[in-house]
Structure formats: C-alpha cells, structure tokens
Amino acid sequence: MSESPNRRVFLATAGVTVASVVTPRLFAQPKDSPVQGTRESVAGMDTDHPTLVSYRTAIEAMKKLDKDDPTNPLGWRYQANMHGALKADGEKNGWKWCMHGNWWFLPWHRGYVYFFEKIVRKMSGSEAFRLPYWSWEKDGQNVLPAPFRDAKYMDKDNPLFDDSRVEANKGGPLRPNTQSGSFAFDWGIALAIEQFTTTVPELAYGGLRTPKTMLPAKPMPAGQHGGMEHNAHDMLHDAVGGDAGVMGDTRTAARDPIFWLHHANVDRLWNRWLDIKEHHLPDPTDDKDWYDQEFPYFDETGEQVVLSVSKILELAAKESRYDDDRRLVAAAPPAAREKAVEPKVVSVGAIQPMLALGTKTFSKPIGITEDTKPKLMAALAAPRAGAEAPVVLLRVEGIKPPKDARLTFEVFVTKKGEKPSKKSYVGPISFFGRRGDHEHVDDEGFTQGFDVTNQVQKLRTANKGVLPELEVFVVPHSTAGLSDEELAKKDVVIPISNITLKLVTVEKK
Ligand SMILES: [Cu+2]
C-alpha cells in the first residue's frame, strides 16, 4: 500500500473526531430490540403459513399508506424508494440509498432488511414475524416460490403477487437450459472468494473500497460489482425481472414482495461465507472506515435513525438469526491479522480491441502475449499457497449495455476447439444496475472479470502440463422468455472494448 498503516489509522480516527464535533446529530439512534427470532426458508412454507399470512397483512396495510399518507416512511412505495426511485416519484428524505458496486453492498442491505422486518411486524401486528428467505442457490429452488405466483389468494388479490414478473410467475426454473444450469454454480464461485475486499474486484466477495462519506452525502459506487453481488445476486434480479419487471431495475426492485426474500437470502449467504474459517470481515484497523460509515433508515415508528455499519451488524445479529446459522455470527471485528499486501495485475493476453457481443454466441481464441508467456507459465507452475498464490483473470472490458437489452451472458473458457459445458463455466455477465437505471453510469462501459485460475490449471493439467490455446465463449440468454434460437434472430449489438487475460501476483515483502 502506498500509505503506511499508521497514517491511515490516524486519518480515519481524526475524521471521526472532527465529524462528531462539527456535525449536529440529525437523526435519532434506534431503540434496542426484543428477543431474537429465526428467519426460515420459504421453501418449507405453505401458502397459509403464519409468516406469509403476516407478510400479506403488512403489505396490504403498507400499500394502503401509499394512498392515505404518501409521506409516511412506513408506506410500501416509500420503503421501496429508499432503495431506488423513478424520476416520476420525485425526491423524499432517505430515498435512493441502495449501495451497489461498493463494499457496503452487504451491510447496507442488511440494515435495510432489518428495519423492513421491524416495520412488517408493526404493520402486521405479529411480533413473531421474521422475514423468510428464498434459497435460490439450492437444488430445485431456482423457481419463484409458489405463494408468490398466484394472482389470487382466497378469492382476493394476492399481495405477494406482482404481475410485472411475466416469466417467473409461470413457475419454471429460472435460467433454464443453460450450460451452467442454476444459481448454485454462481454461488459456488462467490463462496470460493477468499477476501471480503481487495483492490481486485474479482477477488473481493463484498466489493471494492470507496471513500467513506459524511451524511447526507452517499458513498459512490466503484464501477465494478463485488463477487457476491455479481455472481447470482444480479442474475436473480434479471431472471425475476424478465422483460420489464420491477425486479430488473434498481429503481423499482424493492416494490416486488419477493425482493425482500431475495435479499434475506443474500444476507444469509454472507453468513454462510463467514462460516469458513479463513473468511473475515474487513480489517478493523486498516479498514475502519467500513465499520464507521453511517446510513439513514426508518424505524417501525417512522422515525429516521442513523446507524454505523458496526451498529447494523450488532443489532441485526441480536434480533434475527437464520435457521442454518451454526453460531451467532460475530458482529465484533476479527482480531487484527497480518497486513494485506497489494496485488499487482499485469496483462498477459488479449483477443483484440473493439469487439462486440450480441444475441448470438461469441467465441474466439485468446492469444497470450509472447513476452509475458514465461511469467504466466512460471505462475501456473508455482505451488498454490493461500493468499499469495498467483491468480489468472479473464476480463470482458468496456461493456456498453443497450438500454433495452433483456439478456444476460454466461462466460466459458475452454481448450480451443472444445464446446462450453458446466465444467468450463467461469461466471455470468448481468446488466442489473448497469443500464443507466443506476445514477452513475460510465460512458466507457463497465468491465466484468472472472477468476479463471482453476479452469486454466485444469486445462493445463489435462494437456500434460502444457497450457493449451484457450478459447473464450460468451453465450447470451434472454431474460424475457425467448429461447436461444429466438434470441439469435434479434439484432442486438453490445460493443465491448476488449477481452483480456490478466495475471495477479502478490509481491512478497
Ligand atoms: Cu438486490
């Protein structure tokens, strides 16, 4: 790192001190909460399960507030607009705070779900209510849960139903007939990421660092999504959103009742990631800013409250646990570990500048630059030892999504001449939050990278220890219900600036 750890600690500490002196407390602090409850999987729930009955009651009451008292923060639309809002909805206090594309993606949504759950308890009158979660990563569960699919419930409109999810409401498997098959693969990729944050987005489970802000300023996105956000989370939004569904757009996603079960699951999977001994939250000293960042929410009385990330972690863990949590997930920071070393990224190969993806499968061999070849070979031959092992990344750079593209991609790396399969799948490309529906869109497009180390090693081993020529496949799929054949007839061009191969090494001190 360019700055010494001591200097960084000093700056972080000084910032906090100054802030508490000059910034008046605009917001109240939240009240402490009652007994801990358990969040359970929706998979085991009948449509008249008490949890779903309470949820329906609350949604109806909250939607009634939308009409009777649109400035009430407990209203359904008000709550959804805290995530993102359409221009037509105007501006209100506490709106458009969703953190995407930075290292607060997970804690911000944890706080959002935490307060929403409190509000549902209040609005349903059920103290026992805890949000169910939708574990779409499990076998057979990549289908919209049945209680959310029927327009009617007991002869009345079903509050869990949203008619904007045309395909998902049919109850078929989301992402059907694709080579990777299900969200399980994507979750597997995210789970294997070892660090919560680092300067390399492909290696950051929780996302990239961005600077801490003082309220009311919002932290900015870093441009690239972290591993958990990119693998499965974004694709799930696309799959449920379909053609023009609210779930497919960050500005409207939280209007869909399933949004909250999706994010309960993203939150639960964070705990499953932390179950692994080597996985940690950011370093409490070096990355103190992560813990100190504050966010505004509304509590169940409609009062605005402000919480630091530390406080969100503490309160959420006290109030709710997931039924498969093996222990109380520590809100307390882990003990300080060895200082992380900055990884170095060098380009070792590329296809060619100025390419385009589209509605037909893209496939091209990726050339390895002659002068960097020895370096790549040496790295691949080196023993794979923990955080210092070399990593090979594949990057699709400068992707410019068209505004109306209802498609996602699956990316594969094979030995040249071989067809893509589950075994060569390296991850997805999604346009969720990239289509200009998020506030900060880069004219240069965005880059989506993949850790292909294991895949490249497998191909090398299968080829008697010699790295074969590699081929990249980028396979499009419609999220609007078109088959791959129907999609191929469309004429959509998605310019990209290049597809490159990078080598990431950690310089030893
Ligand atoms: Cu989301």
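All of these numbers come straight from a predicted model, not from anything done at the bench.

Engineer: Honestly, the overall build of the protein chain in this entry has me stumped. Any pointers?
Structural biologist: Along its length, the protein chain carries 12 helices and 16 strands. Counting every position in the protein chain, which comprises 509 residues, the buried fraction comes to 45%. Here the analysis covers contacts within the protein chain between residues at least 6 apart in sequence; of these, 76% occur between residues at least 24 apart.

Engineer: Looking at this structure, how should I read the sheet that holds strand S16 (residues 498–506)?
Structural biologist: By way of backbone hydrogen bonds, the strands of a sheet pair with one another, either parallel or antiparallel. With antiparallel pairing, the 8 strands of this open sheet are ordered in space as S12-S11-S14-S9-S7-S16-S10-S13. The open sheet is flanked by strand S12 (425–429) and strand S13 (446–451), the only strands paired with a single partner. Taking each pair of neighbouring strands and ignoring which way they run, the sheet shows an average axis angle of 35°. In this sheet, S12 lies alongside strand S11 (residues 407–415) in antiparallel orientation, the contact comprising 4 bridges.

Engineer: Explanation requested: the confidence of the model for the protein chain in the structure shown.
Structural biologist: Note that predicted coordinates carrying low pLDDT should not be read in detail. The predicted model of the protein chain averages 87 in pLDDT, with 87% of residues at 70 or higher. Element-level mean pLDDT values for the protein chain span from 31 in helix H1 (residues 5–22) up to 98 in helix H2 (residues 50–68). A low-confidence stretch, residues 1–26 stays under pLDDT 50, and its non-local contacts, those more than four residues away or across chains, total 13 contacts.

Engineer: How do you make sense of the environment of Gln455 when you look at a structure like this?
Structural biologist: Considering the arrangement of structural elements, one finds Gln455 in helix H11 (residues 453–462). With 20 C-beta atoms packed within 10 Å, Gln455 lands in the buried category. C-alpha separation for the pair Gln455 and Ser424, spaced 31 residues apart in sequence, amounts to 6.6 Å. Apart from the residues within four sequence positions on either side, Gln455 is in contact with Val413, Ser424 and Val426.

Engineer: Would you take a moment to explain the packing of H2 against helix H4 (residues 105–124) for this structure?
Structural biologist: Any two packed helices are characterised by the angle at which their axes cross and by the distance between the axes. At a minimum axis distance of 8 Å, the contact between H2 and H4 shows a crossing angle of 85°. Comparing their axes, H4 and H2 come out roughly perpendicular. For the pair formed by H2 and H4, the contact residues are Ser54, Tyr55, Thr57, Ala58, Ala61 and Met62 on the first element and Val120, Met123 and Ser124 on the second. Residue composition of the contact of H2 with H4, by class: 6 nonpolar, 3 polar and no charged.

Engineer: Whenever I open this one, the environment of Val474 confuses me. Can you help?
Structural biologist: Residue position: Val474 is located in strand S14 (residues 470–478). Judged by C-beta crowding, with 24 C-beta atoms within 10 Å, Val474 ranks as buried. The spacing of Val474 and Gly358 is 116 residues in sequence and 9.1 Å in space, taken between C-alpha atoms.

Engineer: Explain helix H6 (residues 227–241) here, please?
Structural biologist: For an α-helix the count is 3.6 residues per turn, leaving residues at separations of three or four pointing the same way. Taking 1.5 Å of rise per residue, 15 residues should cover 21 Å, and H6 covers 21 Å from first to last C-alpha, within 8% of that figure. Along H6, the helix axis deviates most sharply at His233, where the bend reaches about 35°. Two residues or fewer after H6 comes Gly242, characterised by a positive phi angle close to 60°.

Engineer: Looking at this model, I keep getting lost on the pairing of S11. Mind explaining?
Structural biologist: On any regular strand, side chains alternate: one points to one face of the sheet, the next to the other face. In terms of burial, S11 is a largely internal element, 8 of the 9 residues being buried. Both S11 and S14 contribute to a ladder of 9 bridges, which runs antiparallel. Among the inter-strand pairings, Glu410 is bridged to a residue of S14, identified as Val475.

Engineer: Just checking my understanding: could you explain unusual backbone geometry for this structure?
Structural biologist: The bulk of non-glycine residues show a negative phi, and the bulk of peptide bonds are trans. In the segment running from Leu215 into Pro216, the intervening peptide bond is cis, with an omega of 10°. Position of Pro216 relative to the elements: it lies in the loop between helix H5 (183–191) and H6. Even without being a glycine, Met154 presents a positive backbone phi close to 50°. Assessed through the 8 C-beta atoms surrounding it within 10 Å, Met154 is described here as exposed. Residues other than glycine seldom take positive phi values, yet Asp155 does so here, at roughly 65°. Its location among the elements puts Asp155 in the loop between strand S2 (152–153) and strand S3 (156–157). Look at Asp155 and you get exposed, because 5 C-beta atoms sit within 10 Å.

Conventions we followed
Residues numbered from 1 in each chain as written. Predicted model: local features only at pLDDT ≥ 70, side-chain atom pairs only at ≥ 80, totals over all residues. Helix = DSSP H or I, 4+ residues; strand = E, 2+ residues; numbered from the N terminus. Buried ≥ 20, exposed ≤ 12 C-beta atoms within 10 Å, placed from the backbone. Contact = placed C-beta atoms within 7 Å. Pairing = 2+ DSSP bridges. Axes fitted to C-alpha atoms, helices over the stretch in contact; angles between N-to-C directions. pLDDT = per-residue confidence, 0-100. Parallel < 35°, antiparallel > 145°, perpendicular 65-115°, else oblique. Nonpolar A, V, L, I, M, F, W, Y, C, P; charged D, E, K, R; others polar. Expected span 1.5 Å × (residues − 1). Bend = angle between axes of the 7 residues up to and from the residue.

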